[in-house]
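Take a look at the letters that make up each chain.
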Amino acid sequence: MVQAQKILTMVSRWRDASPLKRLIVLTASFLALFAATLLAVIAYAGWSANQTAVERERMLVENALNRSIARNLDEQKSIAWWDDAVLHTRKGKMDLDFLDANFGYFLTETYGHQEVYILDEQDQPIYAFADEARQLPEIYGIHKHDLQPIVLGARRLPTIQLRERPDLFDRGNQGYKFLAGALTKASWSGHIIMVGGKPAVASAITILPNQDLSLMPDTPKLLVSVRYIDDAFFGEIGRSLLLPELVLATKKTHAAGMVSEPFQTDDYKLSGVLQWKTKQPGRPILNLILPLTALGLLAAAAHFAVMFRCRRAWRHPNSRRSCSLISTSTASRTLTIRWATARATRSFSRWRRACAAPWRRTTCWRALAATNSPCCGRRPKPAKPNV
């Protein structure tokens, strides 16, 4: 009931208000709405620019991870798809020195793989290289459970559900012509999984001949390699993406411009927090343009309020003291401008009456020549005598 009475009182006051006051109130309301809309648009533009940059950087990091899997397979392919690789991994004819030089040391020292395994047709280990040296094949059993989804994927057998990633390695093999026959039996698999409690890029690829297709086995052997994801791994990705502060941390870092994303492997295990410092293209908009615009709008609103208050004060001389927001110098300067404007207006009016219509001066001179009185601000010239 009280709220209804207040509303009725406001409506009655609005009806009784003068048209000028209504116009001023409507104008002020429109300006306030415009100012709020302008600030909201600027703030949204800055926030949207930052969010777009974060989303783009997230996509770049994800694409870099996909490229790292394809690169792992490319590095394995350089040695696995080779006639000598097939010949020197045959049962009873294994050349361990050849395997050390071309599989173990080559993949670890040249490309940075930490662990290299070769599995036979029954997926049993026949060669292992880790910790910068040849190891007993039985150490594969330490990570066999973790690597089993990769091995089954390379054998094209059903396995646990892993996160789907684009097969960028297959796209790089579309240009093969001579090796097209070998590709019919080629298979591979690569994912980012947890190996021994640490995230790693694990990949497996079949060992096939590249020239003598008569060496093609019915069931090819598998080359399995593991590259652990550490600070050096993400440091390399960060430098390629111009994100030098890309790191894999154990907990979030609360800092200005720092983006934190949970890093989940393809087997849906959380391995840490991926962090990097975003570019923040909307920062100048939020930190510079938005405050300056807000200050400008506040100054305009204050000026409008002062002018409205002083207008009422000049209409009522007894209440001029209420215009306390304008200094004496400003008020005197306003009065001087008003006086100069009025005087210029009066002078222009007199000049217009005197000079706008020449026929008025002629008529006036003929009518008042006898009295020799001024007309239009000028005294008529005396007539010349006739000689």
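For the structure itself, look to the data block above.
Not measured: the values here are computed from a predicted model.

Asks: I'd love a proper account of the nonpolar core, names of residues and values included.
Replies: Ranked by size, the top nonpolar core spans 25 residues in total, and within it Trp81, Phe103, Ile205 and Leu223 carry the most contacts. If you list the elements that add at least two residues to this core, you get helix 2 (19-80), helix 3 (83-87), helix 4 (96-111), strand 1 (115-119), strand 2 (125-130) and helix 6 (168-171). Among all residues touching Ile205, those that are not within four sequence positions of it are Leu73, Gln76, Lys77, Ala80, Trp81, Phe169, Ser187, Trp188, Lys221, Leu222 and Leu223.

Asks: Residue-level account of a nonpolar patch on the surface, with values.
Replies: Together, Leu288, Ile289, Leu292, Leu295 and Leu298 line one region of the surface with nonpolar side chains, adding up to about 510 Å² of accessible area. A relative accessible area of 53% means that Leu292 is categorised as exposed.

Asks: A description of the pairing of strand 1 should follow, citing residues and the corresponding values.
Replies: Burial of strand 1 is extensive: five of the five residues sit out of reach of the surface. Here strand 1 shows a buried face lined by Glu115, Tyr117 and Leu119 and a second buried face lined by Val116 and Ile118. Pairing of strand 1 with strand 2, which is carried by five bridges, proceeds in the antiparallel orientation. Bridge pairing in strand 2 links Ile118 to Tyr127. Taken together, the five bridges between strand 1 and strand 6 (residues 222-228) define a ladder with antiparallel strand orientation. Its bridge partner being in strand 6, Ile118 is matched across the sheet by Leu223.

Asks: Describe in detail the sheet that holds strand 6, supporting the description with residues and values.
Replies: A sheet is described by the order of its strands in space; here six strands give the open sequence 3-2-1-6-5-4, paired in antiparallel fashion. With one partner strand each, in any of the chains shown, strand 3 (133-135) and strand 4 (188-195) form the two edges of the open sheet. Pairwise comparison of adjacent strand axes, ignoring direction, gives a mean angle of 20° for this sheet. In terms of strand pairing, strand 5 (residues 198-206) meets strand 6 through seven bridges, oriented antiparallel. By the bridge assignment, Ser203 is partnered in strand 6 with Ser225. Relative to the sheet, helix 5 (residues 144-154) contacts strand 1, strand 4, strand 5 and strand 6, its axis offset from that of strand 4 by approximately 170°.

Asks: Talk me through the sheet that holds strand 9 (residues 270-277); I want residue IDs and the actual numbers.
Replies: The three strands lie next to each other as 7-9-8, forming an open sheet whose pairing is antiparallel. With partners counted over all chains shown, the strands left at the sheet margins are strand 7 (247-249) and strand 8 (258-264), one partner each. Strand-to-strand twist of the sheet, defined as the mean angle between neighbouring strand axes without regard to direction, takes the value 35°. Where strand 8 meets strand 9, seven bridges bridge the pair, whose relative direction is antiparallel. Residue pairing in the sheet places Gln264 in a bridge with Leu270 of strand 9.

Asks: Which residues make up the pattern of salt bridges, and what values do they have?
Replies: Per the counting criterion, the structure on display carries 13 salt bridges. Where Arg165 meets Glu62, a salt bridge forms, and the shortest distance between an N and an O atom there is 2.9 Å. In this pair, Arg165 is assigned in the loop between helix 5 and helix 6 and Glu62 in helix 2, connecting sequence segments 103 residues apart. Taking relative accessible area as the criterion, Arg165 reaches 16% and is therefore assigned buried. Look at the salt bridges and you will find they share partners, linking Glu62, Arg163, Arg165 and Asp266 into a network.

About the criteria used
Residues numbered from 1 in each chain as written. Predicted model: local features only at pLDDT ≥ 70, side-chain atom pairs only at ≥ 80, totals over all residues. Heavy atoms only, no water. Core = buried A, V, L, I, M, F, W, Y, C linked by side-chain atoms within 4.5 Å. Buried < 20%, exposed > 50% of the residue type's maximum accessible area, 1.4 Å probe, protein only. Helix = DSSP H or I, 4+ residues; strand = E, 2+ residues; numbered from the N terminus. Contact = heavy atoms within 4.5 Å. Patch = residues over 30% accessible without salt bridge, like charges linked within 9 Å, V, L, I, M, F, W, Y side chains within 5 Å. Areas by Shrake-Rupley, 256 points an atom, 1.4 Å probe, with all protein chains shown as cover. Salt bridge = Lys/Arg side-chain N within 4 Å of Asp/Glu carboxyl O. Pairing = 2+ DSSP bridges. Axes fitted to C-alpha atoms, helices over the stretch in contact; angles between N-to-C directions.

No statement about biological role is implied by the geometric values presented.
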